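Here's the letter readout for the chains.
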Amino acid sequence: MSLDLDRAWALHPQVALRPEPFGALLYHFGTRRLTFLKDSRLVEIVQRLPESPSARAACAACRVPDAELPRFEAALVSLAESDMLVERAHA
């Protein structure tokens, strides 16, 4: 699976995000899968996805430098592959 950074993404409707001192926990109530987010900027990006026009815009809002964008893109791809993220419908 690929994740297009120029598309709108959000947490799956069955996923809950719980902030933790180390970052956050994502729990998918449908698959019962638990994912740990250990990077505070990744947590902030995921939290900004619902209001952002694209994943790239969410990364920019979190001041992710271009040189680090591939690392965050890989993390978002992993979340999409595990059904934690879904593409939002266009408004």
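Position numbers for residues start from 1 in each chain and track the written sequence from start to end. In view of the model being predicted, local features appear only for residues whose pLDDT reaches at least 70, and side-chain atom pairs are presented and counted only at 80 or more, with totals across whole chains, interfaces and linings using the full set of residues. To get the side-chain values, all heavy atoms of the structure are used, and hydrogens and water are removed first.

**Student:** Tell me about the side chain of Ser 52, and name the residues and values.
**Tutor:** Only DSSP runs of H or I covering at least 4 residues are called helices, and only runs of E covering at least 2 are called strands; the numbering of each starts at the N terminus. Structurally, Ser 52 can be placed in the loop between helix 1 (40-48) and helix 2 (55-61). Discounting residues that sit within four places of it in the chain, Ser 52 has contacts with Ala 8, Ala 57, Ala 58 and Arg 88. Here, residues are in contact when the closest pair of their heavy atoms is within 4.5 Å.

**Student:** Outline helix 1, supporting the account with residue identities and numerical values.
**Tutor:** Partly exposed describes any residue whose relative accessible area lies between the buried limit of under 20% and the exposed limit of over 50%, with all areas from a 1.4 Å probe on protein chains only and scaled to the type maximum. Three or more residues of helix 1 are buried, namely Leu 42, Val 43, Ile 45 and Val 46. The arc enclosing the buried residues of helix 1, seen along the axis, measures out at 160 degrees, which places them on a common side. Buried residues belonging to helix 1 abut strand 1 (9-11), strand 2 (15-20), strand 3 (23-28), strand 4 (33-37), helix 2 and helix 3 (69-81). Any pair of nitrogen or oxygen atoms within 3.5 Å is treated as a polar contact; in protein, a donor-acceptor pairing is required on top of that, and neighbouring residues in sequence qualify only through side-chain atoms on both sides. Taking the backbone nitrogen of Arg 41 as reference, a side-chain oxygen 2.7 Å away marks Asp 39 as the first, capping residue of helix 1. Note that the arc is defined by the directions from the helix axis to the C-beta atoms.

Read these as layout, nothing more, since geometry by itself doesn't imply function.
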